[in-house]
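# Examination of the molecular architecture
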Amino acid sequence: MQRYTLLIASVVALVLAATVGVSSASADVPRHQPTATLTVSLTAYPGFVHTFTIVWANPCGANGAFAGTGHGSTQAGGATETITGTLVDGKLKFTAIYTSFIPGYTWNESMFAITWNIASITTYKNHGAYVSAMGGGSDAAHSCIGMPIVP
């Protein structure tokens, strides 16, 4: 009986060690997320910063399409804006349209020298967390949301 108890304790210890190893190995891995914050700064105009909340049409898709809403900084009139665009191979292309301040004014990445940054808003820890949050189903299971981003 003591041998079985020792054997079971050893197996439990191995399983726990493996689980801890897997958990720590997957920490801080960038993952596909459906929503993000896009910040665009006009290089020649310090302080002219536009911040958008974007939603990817398909964060796993090859076309990198997104759409969203946002606003400019006070230097940009604090205008509210809509944006559509793509991010493919590290190249950002977009069209933003003011909905206030100068309604209808349209601008894009080719009009100004810009710097930009994208940060995830949603933070599904893994694919299973996303599938669970969506209530399961084939569409959620086949999505890449929550899966590690592979360069």
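One can find the structure itself at the top, above this paragraph.
Each chain carries its own residue numbering, running from 1 in the written order of its sequence. In view of the model being predicted, local features appear only for residues whose pLDDT reaches at least 70, and side-chain atom pairs are presented and counted only at 80 or more, with totals across whole chains, interfaces and linings using the full set of residues. Note that water and hydrogens are dropped before the side-chain values are worked out from all heavy atoms of the structure.

## Observations concerning the overall build of the protein chain
Runs of E in the DSSP output that reach at least two residues are strands. Runs of H or I that reach at least four are helices, and both are numbered from the N terminus. Within the protein chain one finds 3 helices and 7 strands. Order of helices (α) and strands (β) in the protein chain, N terminus to C terminus: α-β-β-β-β-β-β-β-α-α. Buried, partly exposed and exposed residues are distinguished by accessible area as a fraction of the type maximum, computed with a 1.4 Å probe on protein chains only: under 20%, between the cut-offs, and over 50%, respectively. Each of the 151 residues in the protein chain was classed as buried or not, and the buried ones make up 27%. A contact between two residues is defined here by any heavy atoms of the two lying within 4.5 Å. Long-range contacts, defined here as pairs at least 24 residues apart, represent 41% of the contacts in the protein chain between residues at least 6 apart. Computed by Shrake-Rupley with a 1.4 Å probe, the accessible areas treat only the displayed protein chains as cover when residues are assessed. Surface accessibility of the protein chain: about 9400 Å² in total, with carbon and sulfur atoms responsible for 64%.

## Topic: the side chain of Glu 81
As for its position among the elements, Glu 81 is in strand E4 (residues 80–88). Here Glu 81 sits buried without a salt bridge, and the closest side chain of opposite charge, Lys 93, lies 18 Å off (N-O distance). Of note is the side chain of Glu 81, whose polar atom sits 3.3 Å from the backbone nitrogen of Gly 72. Not counting chain neighbours up to four residues away, the residues in contact with Glu 81 comprise His 50, Phe 52, Gly 68, Thr 69, Gly 70, His 71, Gly 72, Ala 96, Ile 97, Tyr 98, Thr 99 and Trp 107. All tallies of charge rest on Lys and Arg as positive and Asp and Glu as negative; His and the ends of each chain are not included. Salt bridge, as used here: a side-chain nitrogen of Lys or Arg that lies within 4 Å of a carboxyl oxygen of Asp or Glu. N or O atoms closer than or at 3.5 Å make up a polar contact, with two conditions inside protein: a donor-capable atom paired with an acceptor-capable one, and, for residues adjacent in sequence, both atoms drawn from side chains.

## As for the packing of aromatic side chains
Note on ring pairs: Phe, Tyr and Trp rings are taken, using the six-membered ring of Trp, and paired if centres are within 6.5 Å. Classes follow the plane angle, with under 30 degrees stacked, over 60 edge-to-face and the rest tilted. One pass over the structure, following the stated rule, counts 8 aromatic pairs. Measuring from centroid to centroid gives 5.1 Å for Tyr 124 and Tyr 130, while their planes differ by 80°, and the two rings are edge-to-face. Through a chain of ring-to-ring contacts, three or more aromatic side chains come together here, namely Tyr 45, Phe 48, Phe 94, Trp 107 and Phe 112.

## Some thoughts on the sheet that holds strand E2 (residues 49–56)
In space, the 7 strands of this open sheet follow the order E6-E5-E4-E3-E2-E1-E7, with antiparallel pairing throughout. Each having just a single partner strand, strand E6 (106–108) and strand E7 (114–120) make up the two edges of the open sheet. Strand after strand, the sheet turns through a mean of 25° between neighbouring axes, direction not considered. Strands were regarded as paired on the criterion that DSSP finds at least two bridges between them. Here the axes come from fitting lines to C-alpha atoms, over the contacting stretch only for helices, and the angles between their N-to-C directions go from 0 to 180 degrees.

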